[in-house]
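Summary of the model geometry
Chain by chain, the residues run as shown.
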Amino acid sequence: MRLKKCLIGVAVVAVVLTGGAGEAMAAPAKATVSAAKTVKHVFPVKAKNVSFHKTHSGYPATDIFAACGKPFVATTSGVVLEVSRVDKYRKGMKDGPYNGGKFVSIQGDDGVRYYGSHLSSVTKGIKKGVKVKAGQSLGKVGKTGNASGVCHVHYGISPPCKKAGDWKVRRGVVWPAKYLTSWRKGGNKSPAAAVKAYKKKHGCKA
């Protein structure tokens with residue numbers, strides 16, 4: 001009996017020191033969850049001859065220059081938020097929601113909204129609520145809206161505010177250049193932290 005009690009006591013001490021079998025098995029699960037949150041980013045325009053500015057007039061965004069008709073693709077996996085298949089911009093209009101002409105915005109799985117406008121067309125099947133994968137075609141480079149007659153994609157990064165049509169935020173609130181530079185080289189630099197910080201400080205205002 002003494003030997004049995006001694007063995008039971010050793011077992012209890014072992015469980016207390018290790019935190020129990022259930023907790024010991026929990027560590028790998030946490031690692032799996034962290035890995036699942038990693039989101040792949042790709043450069044949003046597929047073209048050999050492509051360039052972009054590090055700055056933009058008036059607010060944080062950039063223009064990605066490439067030949068009209070080149071593919072504009074999803075930066076990350078995510079869900080389509082807004083689509084405009086009709087160019088409602090008319091020359092002389094004041095700044096407003098029609099500036100971008102034809103456009104697509106998505107909410108990435110990283111919680112960031114990615115917006116591309118001045119498209120010549122939107123890919124068939126791309127509509128609000130549709131799930132997309134990184135690199136999936138969203139449309140083609142164009143010069144619709146207030147594009148000054150130059151083929152390019154206006155590219156904006158912002159928090160996905162609840163109000164649809166929040167064009168001042170949607171057009172861009174975080175400078176994209178350093179992220180684009182990373183993705184173009186095959187890197188995976190994420191704007192999620194910068195977007196989260198903006199949202200915390202400014203909410204859905206620009």
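This section reports on the structure supplied with the text. (Residues numbered from 1 in each chain as written. Predicted model: local features only at pLDDT ≥ 70, side-chain atom pairs only at ≥ 80, totals over all residues. Heavy atoms only, no water.)

1. Re the sheet that holds strand E9 (residues 137-140)
- Sheet architecture is open: three strands sit in the order E3-E9-E7, paired in antiparallel fashion. Of all the strands in the sheet, just strand E3 (71-73) and strand E7 (121-122) have a single pairing partner and so form its edges.
- Across two bridges, the pairing between E7 and E9 is antiparallel. Among the inter-strand pairings, Val122 is bridged to a residue of E9, identified as Gly139. (Pairing = 2+ DSSP bridges. Helix = DSSP H or I, 4+ residues; strand = E, 2+ residues; numbered from the N terminus.)

2. Points about the sheet that holds strand E1 (residues 51-52)
- Taken together, seven strands build an open sheet; the order of strands is E1-E2-E10-E6-E5-E4-E8 and the sheet is antiparallel. On the outer flanks of this sheet lie E1 and strand E8 (131-132), each paired with one strand and no other.
- Relative to strand E6 (residues 113-119), strand E5 (residues 102-108) runs antiparallel, the two sharing six bridges. Bridge pairing links Ile106 to Tyr114 in E6.

3. Brief notes about the packing of aromatic side chains
- Applying the stated rule across the entire model yields four aromatic pairs.
- Judged by centre distance (6.2 Å) and plane angle (70°), the ring pair of Tyr114 and Trp183 falls under edge-to-face. Here the residue Tyr114 occupies a position in strand E6, and Trp183 occupies one in helix H4 (residues 177-184), the gap between them amounting to 69 residues.
- Ring pairs connect the aromatic residues Tyr114, Tyr179 and Trp183, which therefore count as one cluster.
- The ring of Tyr59 has Arg171 lying over it, and the distance from NZ or CZ to the ring centre is 3.9 Å.
- Over the ring of Phe43 we find Arg184, and its NZ or CZ is 5.8 Å from the ring centre. (Phe/Tyr/Trp six-rings, centres within 6.5 Å; stacked < 30°, edge-to-face > 60°. Lys NZ or Arg CZ within 6 Å of the ring centre and 35° of its normal.)

4. Focus: the environment of Gly101
- With respect to the helices and strands, Gly101 occurs in the loop between strand E4 (78-84) and E5.
- The class for Gly101 is buried, based on a relative accessible area of 4%.
- Put simply, Gly101 and Gly145 are 44 residues apart on the chain and 3.6 Å apart in space, counted from C-alpha to C-alpha. (Buried < 20%, exposed > 50% of the residue type's maximum accessible area, 1.4 Å probe, protein only.)

5. Some thoughts on unusual backbone geometry
- Although it is not a glycine, His118 sits at a positive phi angle of roughly 70°.
- Residue position: His118 is located in strand E6.
- Residue Ser148 is not a glycine yet carries a positive backbone phi of 55°.
- Turning to its location among the elements, Ser148 is positioned in the loop between E9 and strand E10 (152-158).

6. Structural notes on the pattern of salt bridges
- A complete count under the given rule lists two salt bridges for this structure.
- Among the ionic pairs, Arg170 bridges to Glu82, the shortest N-O distance being 3.4 Å. Residue Arg170 is found in helix H3 (residues 167-170), and its partner Glu82 is found in strand E4; the two are separated by 88 residues along the sequence. Across the pair, Glu82 and Arg170 agree in class, each one buried.
- Asp166 is paired through a salt bridge with Arg113; the nearest N and O atoms lie 2.9 Å apart. Of the two residues, Asp166 is situated in the loop between E10 and H3 and Arg113 in strand E6; the sequence distance between them amounts to 53 residues. Each of the two residues, Asp166 as well as Arg113, counts as buried. (Salt bridge = Lys/Arg side-chain N within 4 Å of Asp/Glu carboxyl O.)

None of this, on its own, says anything about what the molecule does.
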